[in-house]
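# Commentary on secondary and tertiary structure
What follows is the residue order along each chain.
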Amino acid sequence: MDIAEALLAVGAEVNRVEDTLTRMGTAYGAVRMNAFVITSSIVVTMTLPSGRDITQTRRILTPGGTDFTVLEALNDLSRRCCADPIPLDELRREVAQITAEAPKPLLVYLGSALAAGSCALFFGGSMTDGLVAALFGLVICRLQRHFGPQCPNRLVFNLLSALAVGISITLCAFFLPELHADKILIGDIMLLIPGIMLTNSIRDILLGDIISGSLRLVEAILMAAVLALGMMAAIWLMGGIA
């Protein structure tokens, strides 16, 4: 269950989580595994060789993100357990060690700046637009790392982030007429768009996990909508100077 929750938290698709639970449970001696996973809940029933059924339900409150490094490590751990089950104490230690690892802050900030700046250039912005977008990408990364965990609702956080960054960018464009606010806005909003969540939702639906896919799809659409609303509100509040 800890591995399943960790997989969901780093952006794994539902089918992968259910398959991991089934394979690991069988490897540790269960004669039958029934796993039901959606983005907000995990339900597992394990049938032991004695015929006894054990059921556990876990409510998932951790907001989903994306971390392919942790996802790969957890996937490798589950494969090793299926090939040769390791003692439970060691398994707990390895899971705790993997989930405790965090990406280096410098790399996260550099990645955000690079993504925002390159997207602004890709959509037709000048080099100056790219540099400004990269600077605001650092601001968005700061908001995500230090204020995101304190906000219980991701939709509200994305709305406020888009509004604050949008107002700041339009102000810069007002005082520096050579800047193209639309190109900078496009570059920075890319850091907040839930692209992987949308992709996973479509994949879940195609694999037959209609409930999980629909939940993720609705969440992705709502997040995209509040981002657009935040940017539009920023432009409107600043009098359309962009």
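Notes on the structure follow. (Residues numbered from 1 in each chain as written. Predicted model: local features only at pLDDT ≥ 70, side-chain atom pairs only at ≥ 80, totals over all residues. Heavy atoms only, no water.)

### Thoughts on the layout of surface pockets
Looking at the second largest pocket, its volume works out to about 720 Å³. Lining the second largest pocket are 23 residues, and of these Met1, Asp2, Met46, Leu88 and Leu91 lie nearest its centre. Residue composition of the lining of the second largest pocket, grouped by class: 15 nonpolar, five polar and three charged. (1 Å grid on protein atoms, 1.4 Å probe; cavity = no way out; pocket = protein on both sides within 12 Å on 5 of 7 lines; lining within 4 Å. Points joined across faces, edges and corners; volume = space filled by probe spheres on them. Nonpolar A, V, L, I, M, F, W, Y, C, P; charged D, E, K, R; others polar.)

### Quick word on the sheet that holds strand β2 (residues 41-47)
The sheet built from three strands is open, its strands ordered β1-β2-β3 with antiparallel pairing. In this open sheet, the two strands that pair with only one neighbour each are β1 (32-38) and β3 (53-59). Here the strands of the sheet are splayed against their neighbours by 5° on average, with no regard to which way each runs. The pairing of β1 with β2 spans seven bridges and is antiparallel. By the bridge assignment for β2, Val37 is matched with Ile42. Strands β1, β2 and β3 of the sheet are contacted by helix α1 (residues 2-9), whose axis makes an angle of about 150° with β2. Contacting β1 and β2, helix α2 (residues 14-27) runs over the sheet at an angle of about 155° to β1. (Pairing = 2+ DSSP bridges. Helix = DSSP H or I, 4+ residues; strand = E, 2+ residues; numbered from the N terminus. Axes fitted to C-alpha atoms, helices over the stretch in contact; angles between N-to-C directions. Contact = heavy atoms within 4.5 Å.)

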